[in-house]
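Observations on chain architecture
Listed below, chain by chain, are the residues.
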Amino acid sequence: MINRYEQTLLMISTLSHFGFGSDVVTYSVPRGKHCEHTRKLDDEGNSVFGLMVSDFLEKKGAF
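Fair warning: this is a prediction, and the values are worked out from it, not measured in the lab. (Residues numbered from 1 in each chain as written. Predicted model: local features only at pLDDT ≥ 70, side-chain atom pairs only at ≥ 80, totals over all residues. Heavy atoms only, no water.)

Okay, the overall build of the protein chain next. Looking only at helices and strands, one finds two helices and zero strands in the protein chain. For the protein chain, the residues scored as buried account for 5% of the 63 residues in total. Carbon and sulfur atoms make up 58% of the accessible area of the protein chain, which amounts to about 5,400 Å² in all. Each charge class in the protein chain was averaged separately, 7 positive and 8 negative side chains, and the resulting centres sit 9 Å apart. (Helix = DSSP H or I, 4+ residues; strand = E, 2+ residues; numbered from the N terminus. Buried < 20%, exposed > 50% of the residue type's maximum accessible area, 1.4 Å probe, protein only. Areas by Shrake-Rupley, 256 points an atom, 1.4 Å probe, with all protein chains shown as cover. Lys, Arg positive; Asp, Glu negative; His and termini not counted. Charge placed at Lys NZ, Arg CZ, Asp CG, Glu CD.)

What follows covers the packing of aromatic side chains. Applying the stated rule across the entire model yields one aromatic pair. Measuring from centroid to centroid gives 5.3 Å for Phe-20 and Phe-56, while their planes differ by 25 degrees, and the two rings are stacked. Of this pair, Phe-20 sits in the loop between α1 (4-17) and α2 (48-59) while Phe-56 sits in helix α2, and the two are 36 residues apart along the sequence. Looking at Phe-20, the relative accessible area reads 22%, which means it is partly exposed. (Phe/Tyr/Trp six-rings, centres within 6.5 Å; stacked < 30°, edge-to-face > 60°.)

Attention shifts here to the environment of Val-25. Within the secondary structure, Val-25 is located in the loop between α1 and α2. Distance from Val-25 to Ile-12, taken between C-alpha atoms, is 7.4 Å for residues 13 residues apart in sequence. With near-sequence residues (within four places) excluded, Val-25 lies in contact with Ile-12, Leu-15, Phe-20 and Phe-56. (Contact = heavy atoms within 4.5 Å.)

Within the secondary structure layout, Val-24 lies in the loop between α1 and α2. Sequence-wise, Val-24 and Lys-60 are 36 residues apart; in three dimensions their C-alpha atoms are separated by 7.2 Å. Excluding its chain neighbours within four sequence positions, the residues that come into contact with Val-24 are Phe-56, Lys-59 and Lys-60.

So, on to a nonpolar patch on the surface. Together, Val-48, Phe-49, Met-52, Val-53 and Leu-57 line one region of the surface with nonpolar side chains, adding up to about 360 Å² of accessible area. With respect to the secondary-structure elements, Met-52 resides in helix α2. We classify Met-52 as partly exposed; its relative accessible area is 43%. (Patch = residues over 30% accessible without salt bridge, like charges linked within 9 Å, V, L, I, M, F, W, Y side chains within 5 Å. Salt bridge = Lys/Arg side-chain N within 4 Å of Asp/Glu carboxyl O.)

Take a look at the structure:
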């Protein structure tokens, strides 16, 4: 996708302005087809993407 990298960097910068710094935000590049990473499961059957989101929310004390 054209400019996806730049869009991601802009989102990271925006999150930083709202107090979500590098202590909470992790950057990773999923490999595969479009949205394929959202369907991947770990060895225990948990959504890898869901675990990333819940880890982010836990770091910010959202739940």
